[in-house]
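A look at the structure
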Amino acid sequence: KYNSTFSSKEELSDFYLSGLECLNFLRKKRKNYVDKKNWELLGIEIPILLPPIESKPGVALMGFIDVAFRDKRTGRIIFYDLKTSGKGWSKWDKIDRSKTDQLILYKKYFSVQYGLDINNIDVEFLILRRKIDTDNPFPPKRIQMFKPTQGTVALNRTIREFEQFINHSFVEPGQYNTDAIYPAICGTNSFNCKFCEFNNENLCPTNQRMTQLNLV
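The structure reproduced in this document is the subject of the present report.

Let's talk about the overall build of the protein chain
The helix and strand tally for the protein chain stands at four helices and nine strands. The N-to-C order of helical and strand elements in the protein chain reads α-β-β-β-α-α-β-β-α-β-β-β-β. Along the first, second and third principal axes, the C-alpha set of the protein chain runs to 55 × 45 × 40 Å. Within the protein chain, buried positions represent 34% of all 216 residues. When contacts within the protein chain are restricted to residue pairs at least 6 apart in sequence, long-range pairs at least 24 apart make up 60% of them.

See the structure below:
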């Protein structure tokens, strides 16, 4: 049944006006984020579409790079992924791998698809704050920049876990593995449970939770 209270005229207007504020800020301060003299635009919404594992050609990864530039002086490539946020990312958002691993995967498979050196690619988030506390004597910038950890250790860990997930979730030639089991992952010191809406004994008994997932 259609839920007529899903949104409202006031809410949609608020989001629209917040978007305009972010765009206006970026236009005025664009030189702080884009070097027009030394960078060239590679593309917007650049597609990624390929099988991440050769042994499972029926399983494809599809994604889009929001915006990419190349430094004409060094040849380095930088991805910007745009994220909207109420008041910006907290320290918890920055360590949330469900957010940050996306760009690491894009970095890996973009380099594969287009035959580029992965060590010559940087990725970064631009977080667009919809709300700014105008009463704050030192209000934060409308756009927050955050560069996730993307070195060899983080890259190898992310790719390994992603490939484990694919091997666990799909069978040849690409059908879902209907026998797969996905236990609840509470994380170290039950960190994940702090934000989980199913965090109670009836929906998710503590004795059935795992600190980390091992799909091997």
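Don't stop here, the text continues.
So, the sheet that holds strand β1 (residues 39-50)
A sheet is described by the order of its strands in space; here five strands give the open sequence β1-β2-β3-β4-β5, paired in mixed fashion. Two strands in the sheet have a free side with no partner beyond their single neighbour: β1 and β5 (143-146). Neighbour-to-neighbour, the strand axes of this sheet turn through a mean angle of 30°, independent of strand direction. Of the strand pairs in this sheet, strand β3 (residues 77-85) and strand β4 (residues 121-129) are connected by nine bridges, and their pairing is parallel. Each bridged residue has a counterpart across the sheet, and for Ser 85 the counterpart in β4 is Arg 129. Helix α3 (residues 97-114) rests against β1, β2 (61-71), β3, β4 and β5 of the sheet, and its axis sits at about 90° to β1.

Here's the deal with the pairing of β4
Burial analysis of β4 places eight of its nine residues in the buried class, the great majority of the element. Sheet topology note: the β4/β5 ladder contains four bridges and is antiparallel. From the neighbouring strand, Leu 126 faces β5, where its bridge partner is Met 145.

What about helix α1 (residues 9-29)?
In this model, α1 (21 residues) spans 30 Å end to end at C-alpha, consistent with the 30 Å of a helix rising 1.5 Å per residue. Turning to α1, its buried residues number three or more, namely Ser 18, Cys 22 and Phe 25. Down the axis of α1, the buried side of the element spans an arc of 65°, and every buried residue falls inside it. More than 90 degrees from the buried face of α1, the exposed residues found are Lys 9, Leu 12, Tyr 16, Arg 27 and Lys 28.

Topic: the pattern of salt bridges
If you walk through the whole model with that rule in mind, you get 12 salt bridges. The salt bridge partner of Glu 21 is Arg 142, with a shortest N-O separation of 4.0 Å. With Glu 21 in helix α1 and Arg 142 in the loop between β4 and β5, this residue pair connects regions lying 121 residues apart in the sequence. In this structure, the salt-bridge partner of Lys 99 is Asp 96, at a minimum N-O distance of 3.2 Å. Judged by its relative accessible area of 26%, Lys 99 is partly exposed. Exposure remark for Asp 96: the relative accessible area of 24% places this residue in the partly exposed category. A cluster of three or more residues bridged by salt bridges with shared partners is formed by Asp 14, Arg 130 and Lys 131.

Brief notes about unusual backbone geometry
A negative phi angle characterises most non-glycine residues, just as the trans form characterises most peptide bonds. Positive phi, close to 55°, is recorded for Glu 45, a residue that is not glycine. Note on placement: Glu 45 falls in strand β1. With relative accessibility at 42%, the residue Glu 45 sits in the partly exposed group. A positive phi angle, near 55°, is found at Ser 190, a position not held by glycine. Tracing the backbone through its elements, the reader meets Ser 190 in the loop between β8 (184-185) and β9 (209-210). A residue is classified by how much of its surface remains accessible, and Ser 190, at 35% relative accessible area, is partly exposed.

Observations regarding a positive patch on the surface
Taken together, Lys 28, Lys 29, Lys 31 and Lys 141 make up a surface patch of like positive charges. Considering the arrangement of structural elements, one finds Lys 28 in helix α1.

Reading guide: rules and limits
- Residues numbered from 1 in each chain as written.
- Predicted model: local features only at pLDDT ≥ 70, side-chain atom pairs only at ≥ 80, totals over all residues.
- Heavy atoms only, no water.
- Helix = DSSP H or I, 4+ residues; strand = E, 2+ residues; numbered from the N terminus.
- Buried < 20%, exposed > 50% of the residue type's maximum accessible area, 1.4 Å probe, protein only.
- Contact = heavy atoms within 4.5 Å.
- Pairing = 2+ DSSP bridges.
- Axes fitted to C-alpha atoms, helices over the stretch in contact; angles between N-to-C directions.
- Expected span 1.5 Å × (residues − 1).
- Arc of directions from axis to C-beta.
- Salt bridge = Lys/Arg side-chain N within 4 Å of Asp/Glu carboxyl O.
- Patch = residues over 30% accessible without salt bridge, like charges linked within 9 Å, V, L, I, M, F, W, Y side chains within 5 Å.
- Areas by Shrake-Rupley, 256 points an atom, 1.4 Å probe, with all protein chains shown as cover.
- Lys, Arg positive; Asp, Glu negative; His and termini not counted.
- Charge placed at Lys NZ, Arg CZ, Asp CG, Glu CD.

Such coordinate-based values are descriptive only and should not be taken to indicate function.
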